[in-house]
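# Structure at a glance
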Amino acid sequence: MADASTPLLAAQDGNDATHEGPEDGALERSLLLKVDLRLCTIAGILCSLNLLDSGVISSASVTSMISDLDLTGIRFSTWKEMIALRILLGMAMSGVYPGLSYLISTWYLRSEQQTRYAYMQTGQVIILATGSIVNFGLNKLNGKAGLAGWRYMFLVQGFITIVLGILTYFWMVDFPDQAHNTPWFLTEEEQKLAVSRIQLDRKDAEADPFAWPKVFEHAKDPKVYGFACMFFLLNLVSTSLSYFLPIILKSGMGFSENVSILLSAPPYYYAVIPVILTSIIGDRYRVRGPIIVFNCVCLIFGFCMLGFVDHVTVRYVGAFLATGAYVSNWAALTTYYANNIAGQWKRAFTAAAVTAMNGAGGVAGSFIVRQTEAPWYPTAIWISIGSHVLIIAFVAAFSTWFARANGRQIAGKALLEGTEGFRYTL
């Protein structure tokens, strides 16, 4: 997974730092490979398990579950036991994505991060897509041992989550300055290199001692709320599409129950291609905003195909385009905020703010696909398009702000993020 083409400790937005000699280069490549294999793999698995409930419930939504539990109309989004279970799931899941995003940001240079978030997203979507195929098979067990097929989906994939959760305790890594506490991981020399790379990149390899004022002082930075709002707008779409894609395929496009479950998998396999390509380009040229805008435009086109075209094949292609775009923007948006803040406690505060608004977007997204609006779902289509127009507007505003701030920093008139030599990534 390590990107061998990445210059050794290349200049990072105003910080010039390089290693000398082939031995140092080999050591850095060895370090990146170890971190990629150990951290990015488990991050992808955990993120997929974190969203497993949406994959299972979306597949189950086209089976007898709706009639068995009387989840007609809006009851599918918030009703009795469903409400309680989603609250419990939300409590358990809330820290997974921001925690992993934060941990990854502490291990990689800013110019390496989007590709690593893409690795995480790739693992996530591959497992989610495979889960749809597994659900197709499990639904074939309908009636076996007196259980409906949708119940097998929850039982089998829930058991897998429990097992992998236990293994995670032994697999997960610590922060770079504490890597010696992680068994079977880095040598002492590799750990020193990991810390020095981050210190040269943005001078926050080691966190200050914890104190609440150090965390909450970052509440004064409006950037944090802008990033959080962007995640609200993104998750508004991703939740609705992941939860309701089988419903759209069945009620909106006329496919059968099992075919709808099966056809919900390919768009996620396809998403691997754009998330990897756009992330490599973003890291290679050190740009984030243009990548986000490109993904937003692709998503808008995808939803236009879903909502305004009669031909079933074209609508299904639109699902590919929309899915690939929002998955790609998970990596791009995460890198965007991680690249433009400095300091461990600011990272922690921003991750918490992003999580809160991301969760709120998920709640809102569960209401915008209305079964009574089949087969065109106009509310979901227009809200999805509008949300990504707003993301583009946020990027434009941030780009203007960052460009002006960087100009002041270059002229020696400003110290950005309280860090010498720091410049914002556009």
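Residues numbered from 1 in each chain as written. Predicted model: local features only at pLDDT ≥ 70, side-chain atom pairs only at ≥ 80, totals over all residues. Heavy atoms only, no water.

Here we take up helix α6 (residues 113-139). Taking 1.5 Å per residue, 27 residues should reach 39 Å; α6 reaches 39 Å between its end C-alpha atoms and fits that length. Extensive coverage of α6 is indicated by the burial of 19 of its 27 residues. (Helix = DSSP H or I, 4+ residues; strand = E, 2+ residues; numbered from the N terminus. Expected span 1.5 Å × (residues − 1). Buried < 20%, exposed > 50% of the residue type's maximum accessible area, 1.4 Å probe, protein only.)

This brings us to the nonpolar core. Ranked by internal contacts, the top residues of the largest apolar core, which has 101 residues, are Trp-107, Phe-227 and Phe-303. Here this core gets 14 residues from one element, more than from any other, and that element is helix α14 (residues 312-339). Excluding anything up to four places from it in sequence, Trp-107 contacts Val-35, Leu-39, Val-173, Asp-174, Phe-175, Pro-176, Ala-179, Phe-185, Leu-186, Ala-194, Arg-197 and Ile-198. With six residues, the next largest nonpolar core counts Val-224, Ala-228, Trp-345 and Phe-349 among its residues. (Core = buried A, V, L, I, M, F, W, Y, C linked by side-chain atoms within 4.5 Å. Contact = heavy atoms within 4.5 Å.)

This brings us to the packing of aromatic side chains. Summed over the entire model, instances satisfying the criterion amount to 24 aromatic pairs. Between Phe-210 and Trp-345, the ring centres sit 5.2 Å apart and the planes meet at 75 degrees, which makes this aromatic pair edge-to-face. Placement of the pair is Phe-210 in the loop between α8 (188-202) and α9 (212-216) and Trp-345 in helix α15 (residues 344-368), with a sequence separation of 135 residues. The exposure class of Phe-210 is partly exposed, given its relative accessible area of 45%. Centroid distance Phe-308 to Trp-382: 5.3 Å. Interplanar angle 50 degrees. Geometry classified as tilted. Of this pair, Phe-308 sits in helix α13 (residues 289-308) while Trp-382 is found in helix α16 (residues 378-410), placing the two residues 74 residues apart along the sequence. Judged by relative accessible area, Phe-308 falls into the partly exposed class, the value being 45%. By relative accessible area, Trp-382 is classed as exposed at 54%. (Phe/Tyr/Trp six-rings, centres within 6.5 Å; stacked < 30°, edge-to-face > 60°.)

Looking now at the packing of α6 against helix α7 (residues 149-171). Interaxial distance between α6 and α7 falls to 8 Å at its minimum, and their mutual angle equals 130 degrees. Classed by the angle they form, the pair α6 and α7 counts as oblique. For the pair α6 and α7, the crossing hand works out as right-handed. Between α6 and α7, the residues in contact are Gly-131, Val-134, Asn-135, Leu-138 and Asn-139 and Gly-149, Trp-150, Tyr-152, Met-153, Val-156 and Gln-157, respectively. For the contact of α6 with α7, the per-class residue count stands at six nonpolar, five polar and no charged. (Axes fitted to C-alpha atoms, helices over the stretch in contact; angles between N-to-C directions. Parallel < 35°, antiparallel > 145°, perpendicular 65-115°, else oblique. Left-handed = near helix turned anticlockwise from the far one by under 90°. Nonpolar A, V, L, I, M, F, W, Y, C, P; charged D, E, K, R; others polar.)

Let's shift gears to the environment of Asn-406. Mapped onto the elements, Asn-406 comes out in helix α16. The exposure class assigned to Asn-406 is buried, which follows from its relative accessible area of 10%. Separated by 182 residues in sequence, Asn-406 and Val-224 place their C-alpha atoms 18 Å apart. Not counting residues up to four positions away in its chain, the partners in contact with Asn-406 are Leu-416, Arg-423, Tyr-424 and Leu-426.

Its identity is not glycine, yet Ala-145 carries a phi of approximately 55 degrees, on the positive side. With respect to the helices and strands, the residue Ala-145 is situated in the loop between α6 and α7. Positive phi, close to 50 degrees, is recorded for Tyr-377, a residue that is not glycine. Among the secondary structure elements, Tyr-377 is positioned in the loop between α15 and α16.

Turning our attention to the side chain of Thr-168. Inspection of the secondary structure puts Thr-168 in helix α7. Judged by its relative accessible area of 11%, Thr-168 falls in the buried class. Not counting residues within four places of it along the chain, the set of residues in contact with Thr-168 comprises Ile-42 and Leu-46.

A separate point is the pattern of salt bridges. Scanning the model with the defined rule gives 15 salt bridges in all. Among the salt bridges present, the one from Glu-28 reaches Arg-197, with a minimum N-O distance of 2.5 Å. Here the residue Glu-28 occupies a position in helix α1 (residues 22-50), and Arg-197 occupies one in helix α8, the gap between them amounting to 169 residues. Under the relative-accessibility criterion, Arg-197 is labelled buried at 0%. A salt bridge links Lys-223 to Glu-417, with the nearest nitrogen and oxygen atoms 2.7 Å apart. (Salt bridge = Lys/Arg side-chain N within 4 Å of Asp/Glu carboxyl O.)

Checked against the element boundaries, Ile-276 lands in helix α12 (residues 266-285). Residue Ile-276 is classed as partly exposed on the basis of its relative accessible area, which comes to 21%.

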